[in-house]
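Letter by letter, the chains look like this.
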Amino acid sequence: MIYLDFETRSVIDLIKLGATRYATDTSTQALCICWSFDQEDVVSLWHRAHPWIEKSPRPDELIERIASGEPVEAHNARFEYEVWNECLTREFPEFNVKLTLEQLRCSAAKASCLSLPRALGDACAALNLKERKDPDGKRLINKLCKPMRAKKGHTEVVWCEEEIEHRRNWNYCAQDIRAERGLSNFCPEMTERELDYWRMDFRMNDRGIMLDLNAAEEAVKLCGQEVDRLDREMQEITGGRVLGGSKRIAFKKWANEQLAVVSGGSIPNTKADTLNFELYGVPTKAGDDAKIAAKPAMEAKWGAWGDAGKPIRRAMEICLEVNRSSVAKYRQMVRSVAPDGALHDIMLYNGADRTGRWSGKGVQPHNFVRGFMADMGEEVLADRDDPDRGYKTGTVWDDILTLDLDYITLVCGDPLPVLAKACRGALIARPGKELYAADFNAIEARKLAWMSGCSVLLTLFREGGDPYCDMASAIYKREITKKDKSERQLGKKAILGLGYAMGWEKFQATVWAEEGIWLDDEFCQEVVHIYRKVKYPEVPKLWKVVGEAAIAAVLEGGEHFAGGDELGIGGISYFLSDDRNFLHCRLPSGRLLAYLYPEVHTKVSYRYTAINERGKDCIVMFPAKVGVPMNRVKYHAEKLAEKQRKTLTGDPPESFLSPHLSFMGRNTVTKQWMRCGTHGGSLVENADQASSRDLLAESMFRVDQTDEFALLLSIHDEVIAEASIGTMKIKEFEAMMAEVPWWAPGMPIAAEGWIGPRLRK
């Protein structure tokens with residue numbers, strides 16, 4: 001095994017634009033290479049020439065061993081692969097061999113399989129390893145790896161050439177080798193299947209997806225023109241007090257002065273959700289149906305303020321439009337495109353902690369605005385006022401590329417929202433090709449039904465029924481069909497939200513945050529009761545047995561099983577690693593999830609009675625370690641109640657003793673590495689999402705291994721590939737996606753797809 005690490009310099013931003021764009025830029029240079037063979041103590045160095053030293057001799061043994069196909073491991077190995085093959089060999093012909101994918105290994109990928117931090121320094125610190133990353137590295141990177149400011153009047157790139165700093169950089173690079181090797185030795189080798197998936201991810205990123213560069217560049221211009229126009233309009237509305245929609249502090253002050261006059265109210269901030277609620281009565285995430293439902297009430301609200309409310313309303317619309325982050329993606333696309341016209345390095349293997357789902361990088365394809373809807377079998381851009389009208393995907397871009405803002409506004413709607421919704425369509429198939437895409441239908445709900453043995457849900461899925469309508473029918477006590485959009489949407493929220501032990505208050509808050517609909521306490525309590533007790537009682541049973549199995553594995557050792565049918569099909573199990581450093585969950589596929597340094601302690605759960613902000617009786621639950629003084633418990637319970645907008649009644653709390661499982665991991669809110677508590681519902685969520693990822697990975701791999709297809713992207717539960725025009729009918733592609741793997745017998749899988757020249761959703 002060869003352990004390899006580069007230090008480089010470039011005018012290109014590696015983090016924002018990715019390894020391919022970075023390495024192919026002519027400004028990028030290799031400063032030094034460090035390597036070691038196997039577990040040897042010696043770390044070797046090669047460096048480029050500097051004014052104070054000549055270039056190192058050709059490293060013959062390193063080059064010969066690479067040429068022989070010996071495995072090469074690096075941390076985030078794609079960087080080393082690209083720099084060696086594109087940058088180093090371009091500038092230094094003596095490096096006359098190429099790295100191959102087959103010989104590459106990645107210690108960051110190995111760490112991610114154990115849910116450890118991907119960053120080398122963070123992973124070594126989390127494991128308290130002897131060899132750590134040199135803390136001086138960040139300073140050295142900022143000084144040596146980025147251009148210095150050129151002298152006034154000069155445009156040439158100027159690099160720092162201080163001898164002492166470059167020698168420190170060589171030592172920093174050598175220490176990275178030691179730290180990487182220590183981390184690699186701690187982590188078990190990736191299974192052959194996961195190594196296949198990592199290589200698949202590598203090929204996918206290497207291939208990239210084509211960018212319609214003309215469309216993206218014109219979108220950037222149109223955005224700039226429209227922002228300039230809106231800024232002028234803002235100045236006119238505010239009498240010059242607010243110079244543009246992005247001047248949030250000035251806008252908030254002006255808006256609150258106007259609101260105080262017309263309504264006596266104010267806005268606390270200028271966040272997108274705040275302005276959406278003021279304008280449309282719904283949050284940013286809400287769909288068109290929710291906005292349409294709220295429209296009469298909002299028109300009445302603004303109408304009551306008369307002419308005095310019109311300038312405030314329009315100014316809020318401008319502020320909301322100008323600050324859309326989605327249109328900034330076009331600039332990112334233009335900056336990121338490689339010489340071959342494609343966007344590379346926008347997918348991250350095992351990007352999601354614990355579950356192993358893919359996440360995005362660069363242009364972040366996972367958070368494209370959802371702007372297209374299906375209508376009459378065609379893909380259309382939803383009209384602002386009438387969702388049953390719209391335009392075919394291609395036609396939308398034809399309209400945008402007229403570059404006529406007045407025409408775009410007349411035909412499609414306000415330009416900035418239209419450009420945001422059309423953002424996906426800037427990614428296209430190569431000439432002579434078309435995009436094939438298929439999205440798993442309700443995959444997590446299907447997998448949860450299969451893992452828990454929930455017969456009602458399994459039957460619905462197998463017979464092609466609609467579980468959202470089924471749940472909504474139970475809630476509203478009448479038959480709900482797909483025509484009952486708002487009722488079905490609530491059934492969908494219940495199915496997708498309540499499967500992991502979400503309580504009624506969280507359900508209430510989620511519906512409000514995502515749909516702008518406030519549901520009564522009693523109604524939400526009834527929804528949770530119906531889900532847990534009436535419709536799908538197998539699911540809460542799964543939470544219980546999974547929590548018990550995980551705790552038993554830590555306390556008693558051995559392997560403990562949970563879930564599945566009477567034959568164990570669909571079940572999972574928990575056990576400790578041999579060194580007791582990890583609690584593992586064995587998924588139906590055989591893949592292991594990992595929880596670092598698990599501990600089980602007895603905790604006391606205190607249940608306080610309280611009153612919520614609507615004057616209704618409720619409770620506040622506060623868990624604490626055994627022995628914590630009651631005055632401290634009450635103090636923190638009051639703080640928690642304040643966050644939940646509740647007030648404790650003052651009555652003494654009830655208390656309950658229970659075992660509590662925790663592990664070291666990344667806090668999902670703060671992103672800090674810390675000890676995290678968990679419970680049966682959360683463990684089921686991890687297992688369900690991770691197992692759904694395994695189904696997705698199987699489908700991606702099938703596509704990747706099919707000669708006619710080139711795998712391009714995976715966005716959430718959707719797979720996007722490319723093939724010659726007419727290669728396959730969409731039903732055939734859906735069937736290939738929905739094939740049931742050997743480890744998931746009886747799992748009801750379904751996929752829905754499309755074929756076309758532009759990416760869409």
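Use the structure listed above.
Residues numbered from 1 in each chain as written. Predicted model: local features only at pLDDT ≥ 70, side-chain atom pairs only at ≥ 80, totals over all residues. Heavy atoms only, no water.

Quick word on the state of the cysteines
Piece 1. Taken as a whole and judged by the stated rule, the model has zero disulfides.
Piece 2. We note that C618 lacks a disulfide partner, and the nearest cysteine sulfur, in C524, lies 13 Å from it. (Disulfide = S-S within 2.5 Å.)

Considerations on the pattern of salt bridges
Piece 1. Here the structure, examined in full by the defined rule, presents 55 salt bridges.
Piece 2. K310 serves as the salt-bridge partner of D307, at 3.2 Å between the closest nitrogen and oxygen. Of the two residues, D307 and K310, neither departs from the other in class, the shared state being exposed.
Piece 3. Each of the salt bridges in this network shares a partner with another, and the network as a whole consists of D136, R139, K143, E162, E165 and R168. (Salt bridge = Lys/Arg side-chain N within 4 Å of Asp/Glu carboxyl O. Buried < 20%, exposed > 50% of the residue type's maximum accessible area, 1.4 Å probe, protein only.)

Quick notes on the sheet that holds strand β1 (residues 2–9)
Piece 1. One open sheet accounts for five strands, arranged β3-β2-β1-β4-β5; its pairing is mixed. Of all the strands in the sheet, the pair left with one neighbour each is β3 (44–47) and β5 (104–106). The sheet shows a mean angle of 25° between the axes of neighbouring strands, direction not considered.
Piece 2. Looking at chain direction, β1 and strand β4 (residues 72–74) are connected through two bridges and run parallel. When the bridges of β4 are listed, Y3 appears paired with E73.
Piece 3. Together, β1, β2 (29–37), β3, β4 and β5 form the strand contacts of helix α4 (residues 77–91), whose direction differs from that of β1 by roughly 65°. (Pairing = 2+ DSSP bridges. Helix = DSSP H or I, 4+ residues; strand = E, 2+ residues; numbered from the N terminus. Axes fitted to C-alpha atoms, helices over the stretch in contact; angles between N-to-C directions. Contact = heavy atoms within 4.5 Å.)

Brief notes about the pairing of strand β23 (residues 710–715)
Piece 1. Most of β23 sits inside the fold, with six of its six residues counted as buried.
Piece 2. Summarising the sheet, β23 and strand β24 (residues 718–724) pair through five bridges and their orientation is antiparallel. In the sheet register, A710 faces β24, and the bridge partner there is E722.

Observations concerning the sheet that holds strand β6 (residues 209–211)
Piece 1. Across the sheet, which stays open at both edges, the three strands sit in the order β7-β6-β13 with antiparallel pairing between neighbours. Lying at the two open borders of the sheet, with one neighbouring strand each, are β7 (342–343) and β13 (427–428).
Piece 2. Two strands pair when backbone bridges link them, and β6 and β7 are joined in this way by two bridges, in the antiparallel orientation. From the neighbouring strand, I209 faces β7, where its bridge partner is L343.

Quick notes on the packing of aromatic side chains
Piece 1. The final tally for this structure, using the stated rule, is 21 aromatic pairs.
Piece 2. Here F6 and W84 contribute two aromatic rings whose centre-to-centre distance is 6.3 Å and whose plane-to-plane angle is 70°, an arrangement assigned as edge-to-face. Remark: W84 occurs in helix α4 and F6 occurs in strand β1; sequence separation between them is 78 residues. Per residue, the accessibility class of F6 equals that of W84, and both read buried.
Piece 3. Look at W84 and F95: their rings are 5.4 Å apart centre to centre, the planes differ by 90°, and that puts the pair in the edge-to-face class. (Phe/Tyr/Trp six-rings, centres within 6.5 Å; stacked < 30°, edge-to-face > 60°.)

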